[in-house]
Amino acid sequence: MKRILTGLQPSGELTIGNLIGGIKQMVNYQEEYESFMFVPDLHTITVPQDPTLLKKRIKSIVALYLACGIDPKKNTIYIQSENLYHANLSWILECHTYMGEANRMTQYKDKSKKVQNVSVGLLTYPILMAADILMYDADYVPVGIDQKQHVELARDIALRFNKKYGDTFTIPEPLIPKIGAKIMKLQDPTKKMSKSDENVKNSIFLLDTEEDIRKKIMSAVTDSENKVYYDVENKPGIANLLTIYSALANISIKEVEEKFKEANYQTLKKEVADLVVSTLLGIQKKYHTYMESTLIDEILDEGKRKTNKIAKEKYEDVLKKVGLGRI
Ligand code: AMP
Ligand code: TRP
């Protein structure tokens, strides 16, 4: 069975962008593949974090995975920092990555402009991500479009390593969703919706109240034409709302366009809000049940045990091939 692996950083409250671009895909793929779904908490500290908040978010994100339909029977669910092999493998991979490769990562270039004291971790972040992926011989890595370049770097590193030391890592492939690869900010639909946005009106968070969801969608920026059709270039706000509807209703953009072709923007927004509300209220109900149960700790303990065993084997194989230690 092919393996699939992904993780979402606990760096803020998850948005519908994360749900559509990340979690939903995993829910579909878990039927078909052996699935690994983890919490990349080490990645989160590449920029400053509040320790108390970070700890809370780690548990919360696991509860959200479960509430959004990630089935613990079909997935191995674990926390990155509970497996020491990730950072160790990352070091070895760093020594097989060129400065030029790390330097040209778009996310690094963008983020390093925004942060005041840029950490070295921000530069090496994609290599830790490569370690996360290559450790488990993942065949497929479902991610939003912004992470595609990082998965491609993981491929390049794996190919280089295999060439030098013999077959060691499976070459991973990014899986980008057809619909909703990039959900946009509600107030600026030319930019990606992000969980770390300063303006909360830009994002719908999975744990938002019904009132907030409705307010945010009703005040989403559109255009003055008042005709509903899909045109990303000229009508990015409407295109974004149609994309959200299409992804959550599991129907094509064409079908959504057809459904709303007579509607004005007010009606479209109301229908989008209804769908987002019903989807999120369902998720929130389950979320609270998981947060109050001991199930999360049991799942994470099992994930830790299982992934440490797999990672140990892979890491020792790498040590042997590179000529490190005494194995
Ligand atoms: P991040 O929030 O950047 O840690 O991303 C976690 C996952 O969700 C990655 O696979 C992202 O590509 C995906 N993702 C994040 N924001 C969006 C968005 N606005 N639209 C679609 N996918 C997203
Ligand atoms: N960098 C990813 C993000 O911000 C999170 C991540 C870390 C990841 N390691 C990974 C995703 C391995 C997929 C596979 O979205």
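Structure: see above.
Residues numbered from 1 in each chain as written. Chains lettered and ligands numbered in written order. Predicted model: local features only at pLDDT ≥ 70, side-chain atom pairs only at ≥ 80, totals over all residues. Heavy atoms only, no water.

Moving on: the overall build of the protein chain. Tallying secondary structure elements over the protein chain gives 13 helices and five strands in all. Here the C-alpha radius of gyration of the protein chain, 21 Å, is about what a compact globule of 327 residues would show, namely 20 Å. With the C-alpha coordinates aligned to their principal axes, the bounding extent of the protein chain is approximately 70 × 45 × 40 Å. Put simply, the protein chain has 327 residues, and 52% of those count as buried. A separation of at least 24 residues holds for 75% of the contacts in the protein chain among residues at least 6 apart in sequence. Accessible area of the protein chain: about 16,000 Å², with a carbon and sulfur share of 51%. (Helix = DSSP H or I, 4+ residues; strand = E, 2+ residues; numbered from the N terminus. Rg over C-alpha atoms; globule rule 2.2 N^0.38 Å. Buried < 20%, exposed > 50% of the residue type's maximum accessible area, 1.4 Å probe, protein only. Contact = heavy atoms within 4.5 Å. Areas by Shrake-Rupley, 256 points an atom, 1.4 Å probe, with all protein chains shown as cover.)

Right, let's get into a negative patch on the surface. Where like charges cluster on the molecular surface, the negative patch consists of Glu 82, Asp 297, Glu 298 and Asp 301. With respect to the secondary-structure elements, Asp 297 resides in helix H13 (residues 295–322). (Patch = residues over 30% accessible without salt bridge, like charges linked within 9 Å, V, L, I, M, F, W, Y side chains within 5 Å. Salt bridge = Lys/Arg side-chain N within 4 Å of Asp/Glu carboxyl O. Lys, Arg positive; Asp, Glu negative; His and termini not counted. Charge placed at Lys NZ, Arg CZ, Asp CG, Glu CD.)

On the secondary structure map, Ile 299 appears in helix H13. Judged by relative accessible area, Ile 299 falls into the buried class, the value being 12%. In this structure, Ile 299 is in contact with Leu 66, Pro 72 and Ile 77, ignoring residues within four places of it in sequence.

All right, on to the pairing of strand E1 (residues 3–7) then. When a strand is regular, its side chains alternate between the sheet's two faces. A large share of E1 lies buried, amounting to four of its five residues. Note: E1 against strand E2 (residues 34–39), five bridges, orientation parallel. Within the sheet, the bridge partner assigned to Leu 5 lies in E2 and is Phe 36. Between E1 and its parallel partner E2, the chain crosses via helix H1 (residues 16–29), and the hand of that crossover is right-handed. (Pairing = 2+ DSSP bridges. Right-handed = clockwise from strand over helix to strand, strands pointing away.)

The immediate surroundings of ligand 2 are formed by 13 residues, with Gln 9, Tyr 125, Met 129, Asp 132 and Gln 147 found nearest. Within the side chain of Gln 9, one N or O atom sits 3.0 Å away from an oxygen atom of ligand 2. Within the contact set of ligand 2, a nitrogen atom lies 2.7 Å away from a side-chain nitrogen or oxygen of Tyr 125. The set of elements that each furnish at least two residues to the shell around ligand 2 consists of E1 and helix H7 (120–135). (Near = heavy atom within 4 Å. Polar contact = N/O pair within 3.5 Å; in protein donor to acceptor, adjacent residues only side chain to side chain.)

The next subject is the site of ligand 1. Neighbouring ligand 1 are 16 residues; Gly 144, Asp 146, Ile 183, Met 193 and Lys 195 lie closest to it. At a separation of 2.9 Å, an oxygen atom of ligand 1 approaches a polar side-chain atom of Asn 18. Contact with the protein chains removes 92% of the 470 Å² of surface that ligand 1 exposes when unbound. The residue inventory of the shell around ligand 1, partitioned by class, reads five nonpolar, seven polar and four charged. (Nonpolar A, V, L, I, M, F, W, Y, C, P; charged D, E, K, R; others polar.)

With their axes 8 Å apart at the nearest point, helix H4 (residues 85–94) and H7 run at an angle of 115° to one another. Viewed along their axes, H4 and H7 form a crossing whose handedness is right-handed. Judged by residue contacts, Tyr 85, His 86, Ala 87, Leu 89, Ser 90, Leu 93 and Glu 94 of H4 engage Thr 124, Ile 127, Leu 128, Ala 130, Ala 131, Asp 132, Leu 134 and Met 135 from H7. Considering only residue class, the contact of H4 with H7 consists of 10 nonpolar, three polar and two charged. (Axes fitted to C-alpha atoms, helices over the stretch in contact; angles between N-to-C directions. Left-handed = near helix turned anticlockwise from the far one by under 90°.)

A surface patch of like charges, here positive, comprises Arg 104, Lys 109, Lys 113 and Lys 114. In this fold, Lys 109 is placed in helix H6 (residues 106–114).

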